[in-house]
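For reference, the chains in residue letters:
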Amino acid sequence: MHLRLTIRRIALEAIAIAIISAPSFAQDPVSANKLHQADTIYRAGTAALAQQDLATAQSDFEQVIRLIPSAEPAHVALGLVLVHRGHLQEGIHEYQVALTLRKTDPTAQLNLAIAYQQIGQPAKAIPLFTQIEAEARINKKPLSASILSAYARALAATGNLSQAALKMRAALSADPRNAQLHDDLGSIDAQQTSWDSARQEFSAAIQIDPQLAAAHLHLGLALQALNQPGSLNQLQQARTLAPDNPVIALELGKAYVAASNDDQAIPLFQQVLDQNPHSIDAMSQLALAYQRSNRSQDAIGLFRKVLDADPANAIAAADLGMALTQAQRAKDGDGVLGADRKSVV
């Protein structure tokens, strides 16, 4: 969710750049009448885009491209509209066409990089961010915090955590009061198991924005990793702020389990399964909580579901055997455990 919101914010910034630039097409070798017509339609499209009338904007930009196929700003603008309407591959194609027409268009580069992240291909985004950064350095214009943070997320997604941390710190230097950036940097530190640094960043995020549920969640997990007090309290605050978030519910449930409080954990695991019936983690956690609560039949049903989804899950097979034994079905339990041993061997 967070990545999608960040992408939307950066893309909207790029939309604003496109609207402000809104150049005429005087360099295209076309008739004056066609040039005037395309320019008028393009300006109408940018006006529609500014009003978030995406259907009208798309129609206008497509008309411009039919009139003047080499109108690079129209390809960029059409790409923006298509991406925002959920047509990612079509939008990517328009950005690519724009960059064949003008290789150094920073708006096309930025939005193509963001689109690559949206479709789960951050490695393709990194060369584009590198080009944007190099051009900014040549022009002695610092990159915005939003671009730097997007660059950092692409690096983190490809496993280059040290460079990701550098870019995210640069983003924070540009926007030090941005709670989300502190939370993002803390998340990168946590991936590097730099838990104390992560704790400091999550705490800074909360100090700036106490309503940021993700920062409370992340601080709670960092405190767990550090074996420091306050973890459960942070997870409870995250739950209060985002009661429908399944990740928070799952982690708070696990914290209640660690505190030997299955009664409070069980409804949380049930909530996660209501939202995501295929969550093996939630099924396993709920089954174990049922087993500890002497609800063996409920536990057995869930352990069987886990094994249906993941037949090679040796731990679930052993847990099912124990649940069957607990339910005074020792023979069935021994059979499952025996089959499990054979599969492991």
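Each remark here, short or long, concerns the structure printed above.
This text gives an overview of the structure that appears in the document. The model shown is predicted, which means the values in this text are computed figures rather than measured ones. (Residues numbered from 1 in each chain as written. Predicted model: local features only at pLDDT ≥ 70, side-chain atom pairs only at ≥ 80, totals over all residues. Heavy atoms only, no water.)

What about helix α4 (residues 72–84)?
In an α-helix there are 3.6 residues to a turn, and that puts residues three or four apart on one side.
Okay, so step 1: Taking 1.5 Å of rise per residue, the 13 residues of α4 would be expected to cover 18 Å, and the 19 Å separating its terminal C-alpha atoms lies within 8% of that figure.
Okay, so step 2: Among the 13 residues in α4, 13 count as buried, and that is most of the element.
Okay, so step 3: A positive backbone phi angle near 90 degrees is found at G86, which sits one or two residues after α4. (Helix = DSSP H or I, 4+ residues; strand = E, 2+ residues; numbered from the N terminus. Expected span 1.5 Å × (residues − 1). Buried < 20%, exposed > 50% of the residue type's maximum accessible area, 1.4 Å probe, protein only.)

Observations concerning unusual backbone geometry
Okay, so step 1: Positive phi, close to 55 degrees, is recorded for K140, a residue that is not glycine.
Okay, so step 2: Within the secondary structure layout, K140 lies in the loop between α7 (122–138) and α8 (145–157).
Okay, so step 3: Residue K140 is classed as exposed on the basis of its relative accessible area of 75%.
Okay, so step 4: Backbone geometry places T193, a non-glycine residue, at a positive phi of 55 degrees.

Focus: the packing of aromatic side chains
Okay, so step 1: Enumeration according to the criterion identifies two aromatic pairs in this entry.
Okay, so step 2: On the basis of an interplanar angle of 50 degrees and a centroid distance of 5.6 Å, the ring pair of Y42 and F61 is categorised as tilted. Pair noted here: Y42 is in helix α2 (residues 32–50) and F61 is in helix α3 (residues 54–67), with a separation of 19 residues, a long-range link. Each of the two residues, Y42 as well as F61, counts as buried.
Okay, so step 3: On the basis of an interplanar angle of 15 degrees and a centroid distance of 5.2 Å, the ring pair of F129 and Y151 is categorised as stacked. With a gap of 22 residues between them, F129 in helix α7 and Y151 in helix α8 connect regions that are remote in the sequence.
Okay, so step 4: Judged by its relative accessible area of 1%, F129 falls in the buried class.
Okay, so step 5: For Y151, a relative accessible area of 6% gives the class buried. (Phe/Tyr/Trp six-rings, centres within 6.5 Å; stacked < 30°, edge-to-face > 60°.)

Remember, this is a structural readout, not a statement about activity or role.
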